[in-house]
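# Survey of secondary and tertiary structure
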Amino acid sequence: MIINIHYGEIALKGQNRSFFEDALVRNTHAVLPNHKVQKLYGRLLIEAEEKDLELISTKLKKTFGIEWFSNSYKLERDQEKIGQFALDYLKQNSFSGSIRVETNRVDKSFEINSMEFSKQVGAILFNAGFKVNLSKPDQTIYIELLENFALVYFEKIPGPGGLPVGVSGRVLCLLSGGIDSPVAALMMMKRGCIVDFLHFYAYSSAEEVKNSKMNRLLQILKEYQPREFKTYFAPYHQFYEATMSIQSKQELILFRRFILKVAEELAKQNNSLGLVTGDNLGQVASQTLDNLFTTSQATSLPLYRPLIGFDKREIINLAKKYGTYEASIEEYKDCCSLVSIKHPDTKTKVDDLEKLEEEIKIKEIIDKTLNSIS
Ligand code: ATP
Ligand code: MG
């Protein structure tokens, strides 16, 4: 069996094409270390045994850059043989619906064009009693005519689309235990970013967090990211202690600004080109346009909020689709829930926030926190 991988969007990248292709080859190889990945005429081919197909399929569905793939049969470029093969296949599967044959002649020097080849294979099936329906068939028989052989398949399995992780550069995601930020991280991976993670915890030690659901969440995210990335766990208590005395309605936004300031320092150390949050406009009090503004002012790095325009329902659907939802809704001692009970101000002002930050000596808190990251 040959797994035939197609990568729509990358093919459009002109001169950078081989850079994108090589990244996809590298990532595919990283998730399937025991298989050879061959690049051929704008597709990747992997030889595989039947017993491995399911596992391979699971991995490819999580490899960004893949538009679709198929489990294909390698045959001679002979319409008679292909027609007979398709016939046997359909009979074996007790198929009785309508069919269509779709040929893609990749090797233009092959003497029969795509349309004619489809017709001839279709005729064999038609003569054996199958109905042909060109507009809405129950089953399409796909044929790709490559230079030395043909690939025949019956199903296109959708991949996750997007660009291969690594082609865009590195960003740092502020990862909470919630539903949104893991999805935000995935959106950035989907556009080719390597995503590092920074999580603030309210536990008494980093060990406790590492044994919590955060670990599960990170494992799920890792499956989409076959590249080296960093994970930072930062304690929240230094900030918490410093703000206990101030009892401010602005505390939540102070916290948001604080985590971005810590993130900025780490991002600079790693040449990250931006920070990522799961913020969404208007979802909670900290996410009014005013508060997103004052939060953004805390850092000079680009701040990416890929979920800004989604409804909660849409985000939940994405979390389910990518598989992070279950881990996200597991119970967790989240530091944000400690802060947010204090009815946050929906219209904070940068001047006020900066004054408060001076009062609590935010720079010292940032330094202390950076020193206790693990
Ligand atoms: P999420 O589901 O991602 O927690 P949310 O809708 O609950 O998002 P908030 O809790 O207000 O929103 O958090 C907004 C963003 O701030 C999060 O998406 C995340 O990027 C960041 N953030 C919140 N809490 C933490 C934390 N403990 N550690 C790191 N980042 C955090
Ligand atoms: Mg949250």
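Summary of the structure given here. (Residues numbered from 1 in each chain as written. Chains lettered and ligands numbered in written order. Predicted model: local features only at pLDDT ≥ 70, side-chain atom pairs only at ≥ 80, totals over all residues. Heavy atoms only, no water.)

So, on to the packing of aromatic side chains. One pass over the structure, following the stated rule, counts 23 aromatic pairs. Geometrically, the ring pair formed by Tyr-224 and Tyr-322 is edge-to-face, given 5.6 Å between the ring centres and 80° between the ring planes. Within this pair, whereas Tyr-224 is found in the loop between helix 7 (213-222) and strand 12 (231-235), its partner Tyr-322 is found in helix 11 (residues 312-322), the two being separated by 98 residues in sequence. Overall, the relative accessible area of 5% leaves Tyr-322 in the buried class. Judged by centre distance (5.4 Å) and plane angle (90°), the rings of Tyr-236 and Phe-255 are edge-to-face. Residue Tyr-236 is found in the loop between strand 12 and helix 8 (237-244), and its partner Phe-255 is found in helix 9 (residues 251-269); the two are separated by 19 residues along the sequence. A cation sits over an aromatic face here: Lys-156 above Trp-68, 4.5 Å from the ring centre. (Phe/Tyr/Trp six-rings, centres within 6.5 Å; stacked < 30°, edge-to-face > 60°. Helix = DSSP H or I, 4+ residues; strand = E, 2+ residues; numbered from the N terminus. Buried < 20%, exposed > 50% of the residue type's maximum accessible area, 1.4 Å probe, protein only. Lys NZ or Arg CZ within 6 Å of the ring centre and 35° of its normal.)

We now examine helix 4 (residues 114-127). For helix 4, which comprises 14 residues, the first-to-last C-alpha distance of 20 Å matches the rise-based estimate of 20 Å (1.5 Å per residue) to within 8%. Considered for burial, the residues of helix 4 that qualify are Phe-117, Ser-118, Val-121, Gly-122, Ile-124 and Leu-125. All buried residues of helix 4 project into a common sector of 150° when viewed along the axis, lining one side. Every exposed residue of helix 4 that faces more than 90 degrees away from the buried side is listed here: Met-115, Lys-119, Phe-126 and Asn-127. On its buried side, helix 4 packs onto helix 3 (79-92), strand 5 (98-105) and strand 7 (139-145). Its side-chain oxygen at 3.2 Å from the backbone nitrogen of Met-115, Asn-113 defines the N-terminal cap of helix 4. Just past helix 4, the residue Gly-129 takes up positive phi, approximately 110°. (Expected span 1.5 Å × (residues − 1). Arc of directions from axis to C-beta. Contact = heavy atoms within 4.5 Å. Polar contact = N/O pair within 3.5 Å; in protein donor to acceptor, adjacent residues only side chain to side chain.)

For the rest of this paragraph, the subject is the side chain of Ser-286. Mapped onto the secondary structure, Ser-286 falls in the loop between strand 13 (275-276) and helix 10 (289-296). Look past the residues within four positions of Ser-286 in its chain and what remains in contact with it is Leu-252, Ile-253, Arg-256, Asn-291 and Leu-292.

Looking now at the sheet that holds strand 12. Spatial strand order, 12-11-10-13-14: five strands in an open sheet with parallel pairing. Looking at the sheet topology across the chains shown, the edges are occupied by strand 12 and strand 14 (303-304). As judged from the five bridges shared by strand 11 (residues 193-201) and strand 12, these two strands associate in the parallel manner. Residue pairing across strands places His-199 opposite Phe-233, the latter belonging to strand 12. (Pairing = 2+ DSSP bridges.)

Moving on: the pattern of salt bridges. A complete count under the given rule lists 18 salt bridges for this structure. Here Lys-39 ties to Glu-21 by a salt bridge, and the two come within 3.3 Å at their closest N and O atoms. In this pair, Lys-39 is assigned in strand 2 (residues 37-40) and Glu-21 in helix 1 (residues 17-31), connecting sequence segments 18 residues apart. Between Lys-62 and Glu-223 there is a salt bridge; the shortest N-O distance is 2.4 Å. Of this pair, Lys-62 sits in the loop between helix 2 (53-60) and strand 4 (68-75) while Glu-223 is found in the loop between helix 7 and strand 12, placing the two residues 161 residues apart along the sequence. Using a relative accessible area of 40% as the deciding quantity, one classes Glu-223 as partly exposed. The structure contains a network of salt bridges with shared partners spanning Arg-17, Glu-21, Asp-22 and Lys-39. (Salt bridge = Lys/Arg side-chain N within 4 Å of Asp/Glu carboxyl O.)

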